[in-house]
Amino acid sequence: MIPSVLPRFLAACALASVLAAPAPLHAEPPRAPTEADRLFEAGRDASVKGDFARACQYFRESLRLDPTAVGTLINLGDCEENQGHPDVALAYYEQAFARLSVKDDRLPLVHERISSLEKRSARLELRLGGGAPAETTVTLDGRVLGPKELGVSLLLPAGNHLVVVTAVGYRGSRQGVSLGSGEARKLAVWPGPPLEEAVPTFVENTAQGPRDRERHASVLRALGIGALGLGIASVWVGSVTGLFALDREHLRRDNCDANNACNATGYDAARSGDTFATVSTITFAAGAVAIAGGLYLVLTNRPAPSPTTAIEPLVSPRGGGLTLRHSF
């Protein structure tokens with residue numbers, strides 16, 4: 001822990017010593033500290049302690065109150081650099097460098113920071129590939145890039161980075177990029193294939209092909225044959241019970257008088273005859289319906305005729321030979 005903090009501590013102290021150098025003799029009398037000065041000092045204390053995130057907050061607020069403070073720009077660059085944001089740090093350093101005069105003691109320090117940062121960092125240029133929709137979202141290491149950041153060289157820390165590209169109606173893509181120190185790379189990105197490309201596979205799987213239709217027809221034919229068998233059995237049962245009903249009717253007539261006064265045998269024959277007649281009517285009608293339905297299923301789902309090929313002799317004015325004839 002101590003060896004990793006020591007270099008940052010020494011760098012912060014060196015930067016603070018440069019920025020806090022005594023003012024020349026001809027300088028104006030010191031002015032009363034302002035709120036911007038107080039925030040600046042709080043930012044320097046946080047930097048010395050290694051709390052660079054808090055330091056940047058203090059420096060940004062100080063710069064808002066005093067936009068002309070070059071020292072605040074340099075310290076902002078330092079804390080952003082220590083947080084692994086070389087592109088942001090470089091922008092602050094370059095702003096400070098542009099405002100410093102050639103006689104300013106801080107000029108060599110800022111120049112060295114810019115050169116060192118560019119040597120230790122890498123550059124990556126991301127651009128949308130052909131066919132990518134304009135509303136494509138590109139995310140670099142979890143940060144959404146704005147339209148102005150696409151197609152320009154971005155300064156990044158050397159190491160591994162993740163590019164995620166998404167768009168409505170597309171599958172999206174993820175790509176890891178490994179950059180070495182001082183490396184510059186250009187990368188074209190896409191949001192992946194359109195989601196509609198998966199639709200033909202679904203349709204193809206669900207649509208009925210010739211084999212599926214034939215399988216479906218064979219099932220219906222089997223049902224039709226079964227219905228025919230059931231219908232024939234029902235008609236047979238209806239016919240048999242009809243004969244029983246006729247037999248009971250004859251027995252009733254033999255044991256009943258003209259006024260339908262019957263003895264015990266006639267009475268039983270009349271009751272059983274009615275039962276047999278009812279069963280005969282129902283089973284015969286059901287059998288007829290089953291036979292009609294079975295015939296419909298069998299006739300409307302007949303198997304497709306298989307093509308046959310025959311070899312026939314061919315005779316023409318130009319000579320003879322053989323020909324193939326296909327029939328269905």
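- Per an unreviewed UniProt entry, the protein goes by PEGA domain-containing protein and derives from Pendulispora brunnea.

### Thoughts on the packing of aromatic side chains
Note on aromatic pairs: each is described by the distance of the centres and the angle between the planes.
Stage number 1. Under the counting rule described, the total for this entry stands at one aromatic pair.
Stage number 2. When the ring of Phe40 is compared with that of Phe59, the centres are 5.6 Å apart and the planes differ by 55 degrees; the resulting orientation is tilted. With Phe40 in helix 2 (residues 35-48) and Phe59 in helix 3 (residues 52-65), this pair connects stretches of sequence that are 19 residues apart.
Stage number 3. The class for Phe40 is buried, based on a relative accessible area of 14%.

### Examining helix 3
Stage number 1. Relative to the 20 Å expected for 14 residues at 1.5 Å per residue, helix 3 spans 20 Å between its end C-alpha atoms, a close match to the ideal helical length.
Stage number 2. If you check which residues of helix 3 are buried, you get Phe52, Ala55, Cys56, Phe59, Ser62 and Leu63. Seen from one end, helix 3 has its buried residues packed into an arc of 130 degrees, which puts them on one side. Projecting away from the buried face of helix 3 at angles above 90 degrees are the exposed residues Gln57 and Arg64.

### A closer look at unusual backbone geometry
Stage number 1. In this structure, Asp141 is a non-glycine residue whose phi angle is positive, near 55 degrees.
Stage number 2. Among the secondary structure elements, Asp141 is positioned in the loop between strand 2 (137-140) and strand 3 (143-144).
Stage number 3. The class of Asp141 is partly exposed, set by a relative accessible area of 43%.

### Some thoughts on the pairing of strand 2
For a regular strand, side-chain orientation follows a simple rule: the groups alternate between the two sheet faces.
Stage number 1. Alignment of strand 2 against strand 5 (residues 159-166), held across four bridges, turns out to be antiparallel. Opposite Thr139, over in strand 5, you have Val164 as the bridge partner.
Stage number 2. With two bridges joining them, strand 2 and strand 3 adopt antiparallel strand pairing. Residue pairing across strands places Leu140 opposite Arg143, the latter belonging to strand 3.
Stage number 3. A loop of two residues connects strand 2 with strand 3, the two strands running antiparallel in sequence, and Asp141 in this loop sits at a positive phi of about 55 degrees.

### With respect to the UniProt feature "transmembrane region" (unreviewed entry) in the protein
Stage number 1. Sequence positions flagged by UniProt for "transmembrane region" (unreviewed entry) are, in local numbering, residues 222-246 and 276-299.
Stage number 2. Secondary structure within residues 222-246 divides into 100% helix and 0% strand; the distance between the first and last C-alpha atoms comes to 36 Å.
Stage number 3. Across residues 276-299 one finds 100% helix and 0% strand; the C-alpha atoms that close the span lie 34 Å apart.

### What about the nonpolar core?
Stage number 1. Counting residues in hydrophobic clusters, the biggest one holds 23 residues, and the most contacted among them are Phe59, Ile74, Leu76, Cys79, Tyr93, Val110 and Leu117.
Stage number 2. Elements represented by at least two residues in this core include exactly helix 2, helix 3, helix 4 (70-82), helix 5 (86-99) and helix 6 (107-120).
Stage number 3. When sequence neighbours within four positions are dropped, the list of residues in contact with Leu76 reads Cys56, Phe59, Arg60, Leu63 and Tyr92.
Stage number 4. Counting 14 residues, the second largest nonpolar core, distinct from the first, contains Ala122, Leu154, Val163 and Val165.

### Some points on the layout of surface pockets
Stage number 1. The computed volume of the second largest pocket comes to approximately 180 Å³.
Stage number 2. Lining the second largest pocket are Gly84, His85, Pro86, Asp87, Val88, Leu140, Asp141, Arg143, Leu155, Leu156, Pro157 and His161.
Stage number 3. Every element with two or more residues in the lining of the second largest pocket is listed here: helix 5 and strand 4 (153-157).

### Overview of a nonpolar patch on the surface
Stage number 1. A contiguous nonpolar surface patch, about 280 Å² in accessible area, is contributed by Trp236, Val237 and Val279.
Stage number 2. Positionally, Val279 belongs in helix 9 (residues 264-300).

### Points about helix 5
Stage number 1. With 14 residues, helix 5 extends 20 Å from end C-alpha to end C-alpha; this agrees with the ideal 20 Å at 1.5 Å per step.
Stage number 2. Residues Pro86, Ala89, Leu90, Tyr92, Tyr93 and Ala96 constitute the buried set of helix 5. Down the axis of helix 5, the buried side of the element spans an arc of 165 degrees, and every buried residue falls inside it.
Stage number 3. Next to the buried residues of helix 5 lie helix 3, helix 4, helix 6, strand 1 (121-128) and strand 4.

Calculation notes
- Residues numbered from 1 in each chain as written.
- Predicted model: local features only at pLDDT ≥ 70, side-chain atom pairs only at ≥ 80, totals over all residues.
- Heavy atoms only, no water.
- Phe/Tyr/Trp six-rings, centres within 6.5 Å; stacked < 30°, edge-to-face > 60°.
- Helix = DSSP H or I, 4+ residues; strand = E, 2+ residues; numbered from the N terminus.
- Buried < 20%, exposed > 50% of the residue type's maximum accessible area, 1.4 Å probe, protein only.
- Expected span 1.5 Å × (residues − 1).
- Arc of directions from axis to C-beta.
- Pairing = 2+ DSSP bridges.
- UniProt positions renumbered as here; feature names shortened; annotations may be inferred.
- Core = buried A, V, L, I, M, F, W, Y, C linked by side-chain atoms within 4.5 Å.
- Contact = heavy atoms within 4.5 Å.
- 1 Å grid on protein atoms, 1.4 Å probe; cavity = no way out; pocket = protein on both sides within 12 Å on 5 of 7 lines; lining within 4 Å.
- Points joined across faces, edges and corners; volume = space filled by probe spheres on them.
- Patch = residues over 30% accessible without salt bridge, like charges linked within 9 Å, V, L, I, M, F, W, Y side chains within 5 Å.
- Areas by Shrake-Rupley, 256 points an atom, 1.4 Å probe, with all protein chains shown as cover.
- Salt bridge = Lys/Arg side-chain N within 4 Å of Asp/Glu carboxyl O.

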